[in-house]
Structures are given as structure tokens and as C-alpha cells.
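# Coordinates in review
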Amino acid sequence: MDSRIKVYFYNPMRTTIILFKTLLTLCCLTVALPALSQSFRISGTILDAQSEEPIPFASVRFRNTGFGGLTDSAGHFAFTLTDRPSDTLEISCVGYQPFYLAIASVKDLQKVNILMERGKFNESASVRVKVNKGLLVWRKIVQHKASNDRYRFDNFSYELYNKLELDLKNINFEKLGKFKPLKPISDLINDNIDTAEGLRYLPSYLTEAMSDYYYQKKPLKRREIIKAANTNGAKNESVIKLLGGMDQVINVYNNFIPVFDKEFVSPASDNGDYYYNYHVADTQIVGKNRYYHLIFTPRRAGSNTFEGDCWVHAGSFAIRKMNLRLGKDANINFLNNLSLIQEYNLLNDSTWFLSKDKFVADISPFGKDKPGFIGRKTTTYRNVVVNDTSVTNELSKNKLLEEIITLPGADEKGKQYWAESRHEELSKTESAIIKMIDTLTNAPVFQKFTRTMAFLGTGYKDIGNFQIGPWFNWISTNGWEGLRLRFDLGTNKKFDKKWWWHTYLAYGFGDKKLKGKAELFYLPKKHPRFYLYGSYTNDLDHGQNYYGEVSSDNFFALAVRKPNLPSKFMKVDEKRFEFFQETRNGFSTLLATTHKTYNPLRGLLPADSFPVNNGGTKLANFEVSLRLRFAYLEKFLENNFFRTSLGSPYPIGELYISHGFAGIFNSSYKYTKLTASISDYIKIPPYGSISYYIYGGKTFGTLPYMLLDIAPGNRLYYYNKYAFNLMNRWEYVHDRYAGVNIEHIIGNGIFRLFPKLRWRQFWTAKSLWGSLSPANQALNLKTTSGFQTLNGKTYLELGTGVDNIFKVFRLDFVWRVLPDKVPSSADKNFGVFGSFRLNF
């Protein structure tokens, strides 16, 4: 017989006992079931109201009882009760306002998401201790940086998923749905309105991107391959590149953390104890690991610091999770709240690596309770590989220090791809955003609305294959033309994606003359950039647009023009052709030919004052020029034809060489010009930022003043960053010159003492050294010319002022220090200038 089989023989007594036990069990169940049916079960998750991130180890207790517990590391809690010990559930956590949940409003088995609002980290009573445990934990974090910072590895790679969401808030959504351009999605608006702590917001826009990122320490190389991008209507490769992770990764182990254009001191900074107070609020065990709950608050109001908390692994002193918030005194414009969250996970028993970033900004341009929006960026990291030859093999394909590659068809991935590839599933609300955007962008009434808003904002309006504008140049006035009317017409990308032409006609009612310009642009290749350009201009010289921020041919210039200045007008007739070629490493060449004839109209030496050479025409010249420019890793924001520089992490250098040929196209002058410059923008946290521009040049030849260097002056009360604001235009002329412009944005500075003002401090210095050869002095410095030369002396302007007045205005107080003698009664040694600047 198999020993695994047990055989029982019939026994009456045994049968009776079994029957008795069965009846007893049934009786117990009969008594217990009613009690169990009256039990109450509640569970849920505790979340940060702004970031919607889980709050680990929050206290969840029934009010006025000893019953309760802590949420787990993911913010979850659950209770099963035979009766309700209290009518209120009390949730509390360091750094948050207490939350009270009425039990009567919760049904059995209901799962609740509780959103906790920010509180203060220093609400608890101050206790004197001999040893500050928080300070000791901070020191251990700093000591172990080299072992925990991900940049300790020789190389690494990961797959990155980046999601950006934009929500509208504090808007009357019922009226919004009735707004004509939005009527096609009125039902979707009503369905997608969300509420958090009484704040109603509408998820409105969503983008997402998938990429592979590669990093190597020595020699430094970075590479990102964007595999997919869901931009929901924005088909622009330069925008897609910005959606990757090349420039968006925050590292809490760095001494400073970027917040928009500011640098804030990290709580893990080597000098953190100078900026923060630290204390340990709690210690928790998760699995087999022990973690310190470290709280940090700013030591001084008004400094660029955070408040928040982090969980620190007790053995390695690696940061497991850090929550950063901007304090109420942080000098950042338009922000009501801002949260930065960074999480790390173990790759193995001892290797920590970044697993998630989250950035949430509550932007309120017009005030806390006014319409605004909430921006959310979530980035997750998977498939992490460290110190592997696969990384170096991929980086060996780089031709530059860093490259961003967008794969063909990256912006055309279908729903199936995204469903399978996303690191986290889209919520119901997020999926609805995509549907809403698709419906809206295809609605004719909304398309018309966006075109109108673009016309008001940019000045340009598309009409079929053509474009008109900018509207702010349509009407202006000056002392020579009187009332001036101008109309522009050009093509857009619908006309042709490689050819662009533009023309304008202007008429002055004072001189009764027609002027204009025509230009043609051909762009056969964008990356690296190559183009051909030709233009013809017959118009007044309206200012040095290279230096200026506002030219005189502008509607807004009417309000800020300096009075009582001598009128000086010059008309030009110019024909120009350009050949531009750029390489991938940021080196570019611009070869140009220019034929230009000048006609002084008022306040300048007339054409008869200058001799005619080589049988040419008065004040006519033909010039060939070459500009060499190097801007390594410069980034751009591009449209179909043109682009705007976003700057370079390195200095930008330029060298300009030009030569005038006498006798060609009736040119009268032979000369050579050399000009060089270097510029840079440097952040120097915690002392703000410095921008500088160093330049110099020399002209070889005896020439009329308009072919020499005319120092850039400013005829407006609108501050010009690149000009000398207390110098008049056409005041100083040179054939040798050198100059330096410096601007130091300090930040709060002395206004830290008045944090409610949110003002910012800066200083500027602009100097110029110049001279004019005796031959050029004899030709140009005549009694009626009005020109001067520095003759080797220094021109110096120093300035300071107040920035961020009402968040958008800046006042500059400028002193003309050298030369100390004012040349005319129209000039001053001191001036006040205003400007409009929109920044965070």
C-alpha cells in the first residue's frame, strides 16, 4: 500500500465528534458574519497638491484616538475596522498643512486620493541640542557625493521618456466654452475640467518624446537620439530637439540648480550650511534599508534657495528622493508655486541612479487668483547601462562634443507605438488632451483666431501664399519725411519652402519721395546652413540695426525719441549679395559684395565736400567683405527660413575683413577694414550673471565719414544695450578703435532687504578708445561737420539701476564719466532710460 494514502475505518464515536465540530463551526460563523458585514474599509493615497507626487510616511490617524498609522513609501494607506473610532481622519506630514477628512463622506471600500497643500517646515518647536543630526547627515551627503552622483561613471546611457503638460487655471470655463473659436471643443472642455483643492483647471496641451541618451566623461561627449516625438501640431525640428533630455536634466548633487534663467543653491551644495538650516524629522525602514528624513529651510529670506525635504539612505548617504520648493520670498517672476522632485533607484545592491524627474510650475502672470497656467514636466529613465563599451561605441559616431539626432519619421509615430513605448500610461485626462488638440487645430474658427493673435504679437499676417507686416513699421514720423507710411509684402513657406522674397514701399509726406526695398533669399540647406541672399535698398538710413533694439522706423519710437537733438539724415542706395556657409562645428563664413551710394540730406557734410577719385561717382563705393564666425554648440530656434540664436555655452568670436575697390561700378574709394569681436554670457552663481562684448577695428585709407567707424549712439530714451546711450548718433568718428561693454546682473543685491519689492540690481560699463588719422581729420572734421574724434582718449559710460519694476520694466541711470567736457548744450552727463524686459 502506498504510504502516502491514509485509511480510516468507520468509528461511531469519531463520526459524532466530527459532526459536533462542524456544527460548532457553523454556529461561530453565524454569529461572526453579521459583525463582519458591519466592518468599514478605507484606503487611499496621500499626494502633494501641486506636483501630485505621493507623500511617503505621512501620519494617518483617527482624530482624538490613538488609532492610525503611516503611509508606505508610495504614499498608500489602508484600514479595516469593525467600527469607526472617530468621525474624522487626520493626515499630517512635515512641510504640509494638516488635512481633515470627514468619515461620513466616505463609503465602504472607497479609495480616496488626498491632496495636501504646502505648509511650513519650521512649524515645530525649536529644541536646543548639543549635536545637530541634520547637519551631520548633510555633511555625510557632501562627503559621499563622489560615490553617489551619476556622473562618477566613465560612461552611461539610458532610454528617456519626457512628457510636458500645460493646464489653464482660474478661468471661467463656462464662458470659455462659449467663446466662438473654442466652440468646436466646448463639450470636451466641460468633460475635462479638473478640480484640486477648489482650484479649477483645464488640461490643455501635451507633448511627449522618447530618446536614447549617451554620456562619456573623458573626453566629454554627449549624444541623444530622438526616436519619437508627439508634439500635437508643432511640426518644428528645432522644437523637437528641445523636448529631449540634453539640457533638461537637473542634478541635485550639483552646488547650484537652474530654475529658468536663475541659479539656486542646492541643499546638497558643498556650502549648504551657509544657506540652509537642516534637521532630521524621522527615520524609517523600507525593506532592509533605513532612511533619514532630512528637512531643509533657508537661513535667510530673499536668497536663491529652496525649502523642502529628502530621504537619505543611511548606509551610503545617497539621496533616495528629494522634494524642492521655492519659498515665498524667492525672487522669480510670475510663479505662484514651483516644485522639483527627483528620485533615485538602486541598479544593484550598491549603485544608485536617477529614475525620475518632475518639474511643476504654477505660473500666474497677473496675480495668484487671476488666470494663469500650470506647466508639468515628467521625465523617466529606463534601461540604464553604466561603464559599457556599447556606450562608447555609439558615442564614437559623434563629430562634435554633443549631438542631437532626430530620426526620420520621429514625429509620425502612431498610437500603437506610443501605447507600447511609454514608460507610464497616459491618464484619462491626458488622453483627452490629445483628442481635444486634434479637434481644435482642425477647426477653421480656431485657426482664424490663432492667426489674428500671431499678427498682433509678431506683426506679421499670412494671406494665402503671401505675408504682410510688420504692422509696427506702417506708420512713423521724422524730421525729414514728416509723416511716413510704409507697407510690406513677402512670401511664406506655402509659396515655396526654399525661396523667400520680401519688399516694402514707403512714402514721406514731408519730402514727397517714394522709397523702398526688395530682397530675395534662397535656402537650399538648413543643417548645416547654406543660403544665398540679394537685396536692393533705396531709403533713409534709419539706424544701426545691428546695435539697436528699436530703430527710428518704428511706431513705438515716437514715444521715446529724445527732443532738441540736431537733425541728421542720410539716404542710401544699396545693392547687396551674400553667400553664407556654415559647418557642423559652429564655424561660418559670410561672403558679401556691396555697392552703396550715400546722399547726406541734413546736418551732415554734403557730397560736394568730398573729392571724386578714380573717375567714380560722389560718395559711391564697391566693397567685398568676409565675415568669419565661430560659435561652438550654438543652439537656435528656427522657422522655415530664419532662426533666432539661443546662445552658446562658449564665447562667440567674429572676424570681419572688407576691401573697397576703386573704379569698379563707379566706386571712388580704395580701402581695407579689419574688425574683430568676442562676446559671452556667463553665470556666476550666487552672484548673478555677466555678459561682455569686446571689440576693435582699424580702417586703412582716407575716406568720407560714412565709410569710417561711426560710434553707436542712441537718439531714444529707450535703453540700448549695445549703444552708448548718452552719445548722439553721428557724434564720434574713428579709423582706429577698441571698446568693451560689460553688464553684471547681480540679482536681489541691496533689494534683498526689501523682499516684497522683488526688485533687482545691476551695473553696466561701456568704454571706447578711438583715434582718427591726420588725413581723415582734415577730410572730415570741418567746422560744419559736427563730428569729433577721441584722439586716443577714453569715452566711458557707467550705469546702474533698478530692474524688475512691476516685473517687466527696467530703469537705467547712466553717467557720462569721460570725456569730462560736454561738447554741446544738447548733450548731458547724466540720463535716465527705460526699457521693457520680460523674464523670470
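This one's a predicted model, so the numbers in the text were calculated from it and none came from an experiment.

### Observations concerning the sheet that holds strand β6 (residues 99-102)
The strand order across the open sheet formed by four strands is β3-β2-β5-β6, and the pairing between neighbours is antiparallel. Each of the sheet's edge strands pairs with one partner strand only, and the pair in question is β3 (68-70) and β6. Strand after strand, the sheet turns through a mean of 15 degrees between neighbouring axes, direction not considered. Strand direction decides the pairing type here: strand β2 (residues 59-62) and β3, joined by three bridges, are antiparallel. Of the residues in β3, the one forming a bridge with R61 is G68.

### Topic: the packing of aromatic side chains
Scanning the entire structure with this criterion turns up 47 aromatic pairs. Aromatic side chains F641 and F642 sit 6.3 Å apart centroid to centroid with 50 degrees between the ring planes, which places their arrangement in the tilted category. Overall, F641 belongs to the buried group, its relative accessible area being 5%. On the basis of an interplanar angle of 45 degrees and a centroid distance of 6.1 Å, the ring pair of Y717 and F833 is categorised as tilted. Of this pair, Y717 sits in the loop between β37 (709-710) and β38 (733-734) while F833 is found in strand β43 (residues 830-836), placing the two residues 116 residues apart along the sequence.

### Quick notes on unusual backbone geometry
Residue P528 is reached from H527 by a cis peptide bond, and omega for that bond is -10 degrees. Locating P528 in the fold gives a position in the loop between β27 (513-525) and β28 (530-540). Each neighbour pair has its own omega, and for L818 with P819 the value is -10 degrees, a cis peptide bond. Position of P819 among the secondary structure elements: in the loop between β42 (809-818) and β43. Its identity is not glycine, yet K512 carries a phi of approximately 55 degrees, on the positive side. Mapping K512 onto the fold places it in the loop between β26 (499-508) and β27.

### Overview of the pairing of strand β30 (residues 587-602)
Two strands pair when backbone bridges link them, and strand β29 (residues 569-582) and β30 are joined in this way by 14 bridges, in the antiparallel orientation. When the sheet's bridge partners are listed, F579 is paired in β30 with L591. Two successive antiparallel strands, β29 and β30, enclose a turn made up of four residues, where G586 displays a positive phi of approximately 95 degrees. Direction of pairing for β30 relative to strand β31 (residues 620-630): antiparallel, over a ladder of 11 bridges. Counted as the bridge partner of T593 is V624 from β31.

### Thoughts on the confidence of the model for the protein
Per-residue confidence for the protein gives a mean pLDDT of 82; residues scoring 70 or more make up 83%. Contacts of residues 1-37 to residues separated by more than four positions or lying in other chains number three contacts, the stretch itself having pLDDT below 50. Here residues 123-127 scores under 50 on pLDDT; set against residues more than four positions off or in separate chains, the count is one contact.

### Some thoughts on the side chain of E343
Relative to the assigned elements, E343 resides in strand β18 (residues 335-346). Residue classification places E343 among the buried residues on the basis of a relative accessible area of 15%.

### Digging into the pairing of β28
Of all the 11 residues making up β28, eight are buried; the element is thus mostly covered by neighbouring parts of the structure. Where β27 lies against β28, eight bridges are found, and the strand directions are antiparallel. If you follow K525 over to β28, its bridge partner there is F530. Following β27, the chain reverses through four residues before pairing antiparallel with β28. Here β28 runs beside β29; their pairing, made up of 11 bridges, is antiparallel. Bridged to S535 within β29 is R576.

### Some points on the nonpolar core
By size, the foremost hydrophobic cluster in this structure holds 52 residues, and its most contacted members are F306, L326 and L340. Ranked by residue count, the leading element in this core is strand β19 (residues 352-363), at six residues. Not counting residues within four places of it along the chain, the set of residues in contact with L340 comprises I250, I257, V259, F306, M322, N323, L324, K358 and F359. Among the nonpolar cores identified, the runner-up in size contains 21 residues, and F610, L708, V733 and L779 belong to it.

### Structural notes on helix α2 (residues 133-143)
Along α2, the residues classified as buried are G134, V137, W138 and I141. Looking down the long axis of α2, one finds its buried residues gathered within 100 degrees of arc, a one-sided arrangement. On the buried face of α2, the contacting elements are α3 (145-148), α7 (272-275), β14 (276-286), β15 (289-298), β16 (306-313) and β17 (319-326). Capping the start of α2, N132 holds a side-chain oxygen 2.9 Å from the backbone nitrogen of G134, two or three residues further along.

### Here's the deal with the environment of G459
With respect to the element layout, G459 can be found in the loop between α11 (444-458) and β22 (461-463). Sequence separation of G459 and P470 is 11 residues, and the distance between their C-alpha atoms is 4.1 Å. In contact with G459, other than residues within four places in its own chain, are A454, I468, G469, P470, W471 and F472.

### A few points about a positive patch on the surface
Taken together, K448, R451, K493, K494 and K497 make up a surface patch of like positive charges. With respect to the element layout, K494 can be found in the loop between β25 (482-491) and β26. Since its relative accessible area comes to 60%, K494 is described here as exposed.

### Comments concerning the environment of H313
Within the secondary structure layout, H313 lies in strand β16. Residue classification places H313 among the buried residues on the basis of a relative accessible area of 14%. Each C-alpha atom of the pair H313 and I285 lies 9.9 Å from the other, and the pair is 28 residues apart in sequence. Those residues within four positions of H313 in sequence are excluded, and the remaining contacts are N289, R290, Y291, A318 and W352. Among the polar contacts made by the side chain of H313, one reaches the side chain of N289 at a distance of 3.3 Å. At 3.0 Å, the side chain of H313 and the side chain of S316 are in polar contact.

### Here we look at the pattern of salt bridges
For the coordinates displayed, the defined rule picks out 32 salt bridges. E402 is paired through a salt bridge with K635; the nearest N and O atoms lie 2.8 Å apart. Remark: K635 occurs in strand β32 (residues 635-638) and E402 occurs in strand β21 (residues 402-406); sequence separation between them is 233 residues. Between E582 and R643 there is a salt bridge, with the nearest N and O atoms lying 2.9 Å from each other. You can see E582 sitting in strand β29 and its partner R643 sitting in strand β33 (residues 643-647), a full 61 residues away along the chain. Connected via shared salt-bridge partners are E53, K321, E343, K356 and K358.

Rules and cut-offs
- Residues numbered from 1 in each chain as written.
- Predicted model: local features only at pLDDT ≥ 70, side-chain atom pairs only at ≥ 80, totals over all residues.
- Heavy atoms only, no water.
- Pairing = 2+ DSSP bridges.
- Helix = DSSP H or I, 4+ residues; strand = E, 2+ residues; numbered from the N terminus.
- Axes fitted to C-alpha atoms, helices over the stretch in contact; angles between N-to-C directions.
- Phe/Tyr/Trp six-rings, centres within 6.5 Å; stacked < 30°, edge-to-face > 60°.
- Buried < 20%, exposed > 50% of the residue type's maximum accessible area, 1.4 Å probe, protein only.
- pLDDT = per-residue confidence, 0-100.
- Contact = heavy atoms within 4.5 Å.
- Core = buried A, V, L, I, M, F, W, Y, C linked by side-chain atoms within 4.5 Å.
- Arc of directions from axis to C-beta.
- Polar contact = N/O pair within 3.5 Å; in protein donor to acceptor, adjacent residues only side chain to side chain.
- Patch = residues over 30% accessible without salt bridge, like charges linked within 9 Å, V, L, I, M, F, W, Y side chains within 5 Å.
- Areas by Shrake-Rupley, 256 points an atom, 1.4 Å probe, with all protein chains shown as cover.
- Salt bridge = Lys/Arg side-chain N within 4 Å of Asp/Glu carboxyl O.
- Lys, Arg positive; Asp, Glu negative; His and termini not counted.
- Charge placed at Lys NZ, Arg CZ, Asp CG, Glu CD.

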